[in-house]
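# Architecture at a glance
Each chain, letter by letter, is given below.
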Amino acid sequence: MTIHLFAVARDIVGSSVYTIDTKQVPCCTVGDVRRILCKEFPELLTLRSFAVAVNQRLADDTVVLTPHDEVAIIPPMSGG
Amino acid sequence: MTIHLFAVARDIVGSSVYTIDTKQVPCCTVGDVRRILCKEFPELLTLRSFAVAVNQRLADDTVVLTPHDEVAIIPPMSGG
Amino acid sequence: MVDTSPFFLLTEQLLDIGSVSKAVQLPHCGAVNLFVGTVRNRTAERSVLYLDYEAYTPMALAVMQDIAMRARMKWQSIEAIALHHRVGRVYAGDIAVVLAVSSPHRTEIFMATDWIMSEVKSSVPIWKKEVYHDGAVWVSAHA
Amino acid sequence: MVDTSPFFLLTEQLLDIGSVSKAVQLPHCGAVNLFVGTVRNRTAERSVLYLDYEAYTPMALAVMQDIAMRARMKWQSIEAIALHHRVGRVYAGDIAVVLAVSSPHRTEIFMATDWIMSEVKSSVPIWKKEVYHDGAVWVSAHA
């Protein structure tokens, strides 16, 4: 499963995409994605907020992911 | 004494200036100007409002006029 | 009392939004709000051909400056205010007034713009006559 | 979800206030309000050289449309809304965002502009990095 990363989150991870090997790691909810990333990159926990978007909408930790979903990490926004 | 007229007030009076002959008519306050004009042009009484500016500021009926004052009739404003 | 600054202007020429905006732009001001009033093609179900605007020019400019000064006293974050208003014949679709307000941040800028426009409409000696196909009226003149 | 209309735009090109304004202008709308956000030359006492803006483009455009739709539901008098936002490198003094709102009358337009700008700042996935002479930070990233 491919996770898209932007801005400060991309800088922390060091890449604009991060792939979770769903054969190796149990992954099926937004909460799982969040836990896997924060374990691998603890610096993500220092962010003021850390949301996950599924198919371009913010999604709750309970949302179940399918392989076709577009998943992105949304660090604190600062447009305008 | 010269009174400047604008917009609908000018249309009613038929001229952009109206002169009060202060030798013939007793005139010394803003209220006097108002009364003289309304007597001569009763249609002015149909306006929604009818203010008088002295030296480019709105003035109360009690303000006493001198020959050097710039006096203007301010009908309801509608800028913007 | 009359000012020929870029901030306050009565003109028979077409108004330019960009130049009013530039008048208030300052390096430390991240927020500019512009209100643009245009002539509608209809008022109360009558087709408007054009408006004839008339101003008591020196008093209008003095009142515009006075309103701006009072706005800056009410909202300390407001830096610059510019107000350009057309006089003469203005056609449907044309811009009649542009108000620009600048501030370091946007917090108070919308309230200030709203207040200034209300003051402009109620106390700047400018008048408009709406001209229709079959007549004309001085706007708001009668009850 | 992604719209290439003149109403919602993310662009690396300079923004033009006039074209955003034109996008919302309608013959029966006498009021257009424009909010223009520019890059300040200082933030919290540090000199800003430039900003690097980044967007999650398809989601950003979808959220911009969603905000506009909700604004029109909240304020029925609002007719059209356009929002243009820069991405990429934006220098101090340059325009980063232009929001235009049109309505037949000005009554609700300032409140609507205020609300839309708050929503844009809090929920459109756009990020800015402030670059100084001696470093850079992603704005608001950390507590």
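Just so it is clear, the structure is predicted and the values come from calculations on it, not from any experiment.

The rules behind these values
Residues numbered from 1 in each chain as written. Chains lettered and ligands numbered in written order. Predicted model: local features only at pLDDT ≥ 70, side-chain atom pairs only at ≥ 80, totals over all residues. Heavy atoms only, no water. Helix = DSSP H or I, 4+ residues; strand = E, 2+ residues; numbered from the N terminus. Rg over C-alpha atoms; globule rule 2.2 N^0.38 Å. Buried < 20%, exposed > 50% of the residue type's maximum accessible area, 1.4 Å probe, protein only. Contact = heavy atoms within 4.5 Å. Areas by Shrake-Rupley, 256 points an atom, 1.4 Å probe, with all protein chains shown as cover. Lys, Arg positive; Asp, Glu negative; His and termini not counted. Charge placed at Lys NZ, Arg CZ, Asp CG, Glu CD. Buried area = accessible area lost by both parts, 1.4 Å probe. Salt bridge = Lys/Arg side-chain N within 4 Å of Asp/Glu carboxyl O. Polar contact = N/O pair within 3.5 Å; in protein donor to acceptor, adjacent residues only side chain to side chain. Least-squares fit on C-alpha atoms with pLDDT ≥ 70 in both. Axes fitted to C-alpha atoms, helices over the stretch in contact; angles between N-to-C directions. Parallel < 35°, antiparallel > 145°, perpendicular 65-115°, else oblique. Nonpolar A, V, L, I, M, F, W, Y, C, P; charged D, E, K, R; others polar. Pairing = 2+ DSSP bridges. pLDDT = per-residue confidence, 0-100.

### Topic: the overall build of chain A
Helix and strand counts for chain A stand at two helices and five strands. N-terminal to C-terminal, the α/β element order of chain A is β-α-β-α-β-β-β. Relative to its length of 80 residues, chain A is compact, with a C-alpha radius of gyration of 12 Å against a globular reference of 12 Å. If one aligns the C-alpha atoms of chain A with their principal axes, the spans along those axes are about 35 × 25 × 20 Å. Burial status across chain A gives 51% buried among its 80 residues. Relative to all contacts within chain A whose residues are 6 or more apart in sequence, the contacts with residues 24 or more apart total 47%. Here chain A has roughly 4,100 Å² of accessible surface; of this, 52% comes from carbon and sulfur atoms. Positive and negative charge centroids in chain A, built from 7 and 9 side chains respectively, lie 2 Å apart.

### Digging into the interface of chain C and chain B
One frequently used descriptor of interface size is the decrease in accessible area upon assembly of the parts. Counting from both sides, the interface comprises 24 residues of chain C and, opposite them, 21 residues of chain B. Both faces considered, chain C and chain B share a buried interface measuring about 2,100 Å² in area, 57% of it formed by carbon and sulfur atoms. Broken down residue by residue, the surface that chain C buries against chain B is led by Y56(C), M59(C) and W127(C), which jointly contribute 30%. The tally of links between chain C and chain B comes to one salt bridge. Residues E54(C) and R10(B) are paired through a salt bridge, measuring 2.6 Å at the closest nitrogen-oxygen approach. The interface formed by chain C and chain B contains 15 residue pairs in polar contact (both at pLDDT 80 or more).

### Points about the relation of the copies chain C and chain D
Between chain C and chain D, the superposition needs a rotation of 180 degrees and an axial shift of 0.0 Å, giving an RMSD of 0.0 Å. The superposition operator between the copies reduces to a two-fold rotation axis. The share of interface residues of chain C whose copies in chain D are also at the interface is 100%, consistent with both copies meeting through the same surface.

### Re the interface of chain C and chain D
Listed per partner, the contact involves 29 residues of chain C and 29 residues of chain D. For the pair chain C and chain D, the summed buried surface comes to about 2,400 Å²; carbon and sulfur atoms form 53% of the total. Counting the surface chain C buries against chain D, the share from its top three residues, R40(C), R106(C) and F110(C), is 26%. The tally of links between chain C and chain D comes to zero salt bridges.

### Brief notes about the packing of helix α3 (residues 109-123) of chain C against helix α3 (residues 109-123) of chain D
Where α3(C) meets α3(D), the closest approach of the two axes is 9 Å, and the angle between their N-to-C directions is 170 degrees. What the angle tells us is that α3(C) and α3(D) run roughly antiparallel. Side by side, α3(C) and α3(D) meet where F110(C), T113(C), D114(C) and M117(C) of the first sit next to F110(D), T113(D), D114(D) and M117(D) of the second. Per-class residue counts for the contact of α3(C) with α3(D) are four nonpolar, two polar and two charged.

### Regarding the pairing of strand β7 (residues 95-103) of chain D
Residues and elements named next belong to chain D. For β7, the buried fraction is high: nine of the nine residues fall into the buried class. Summarising the sheet, strand β2 (residues 31-38) and β7 pair through eight bridges and their orientation is antiparallel. Bridge assignment links F35 to a residue of β7, and that residue is L99. As paired strands, strand β5 (residues 80-86) and β7 are joined by six bridges and run antiparallel to one another. Bridging from a neighbouring strand, A80 pairs with S102 of β7.

### So, the confidence of the model for chain A
Predicted confidence across chain A gives a mean pLDDT of 94, with 100% of residues reaching 70 or more. Between the elements of chain A, mean pLDDT differs from a low of 95, seen in helix α2 (residues 30-40) of chain A, to a high of 98, seen in helix α1 (residues 7-13) of chain A.

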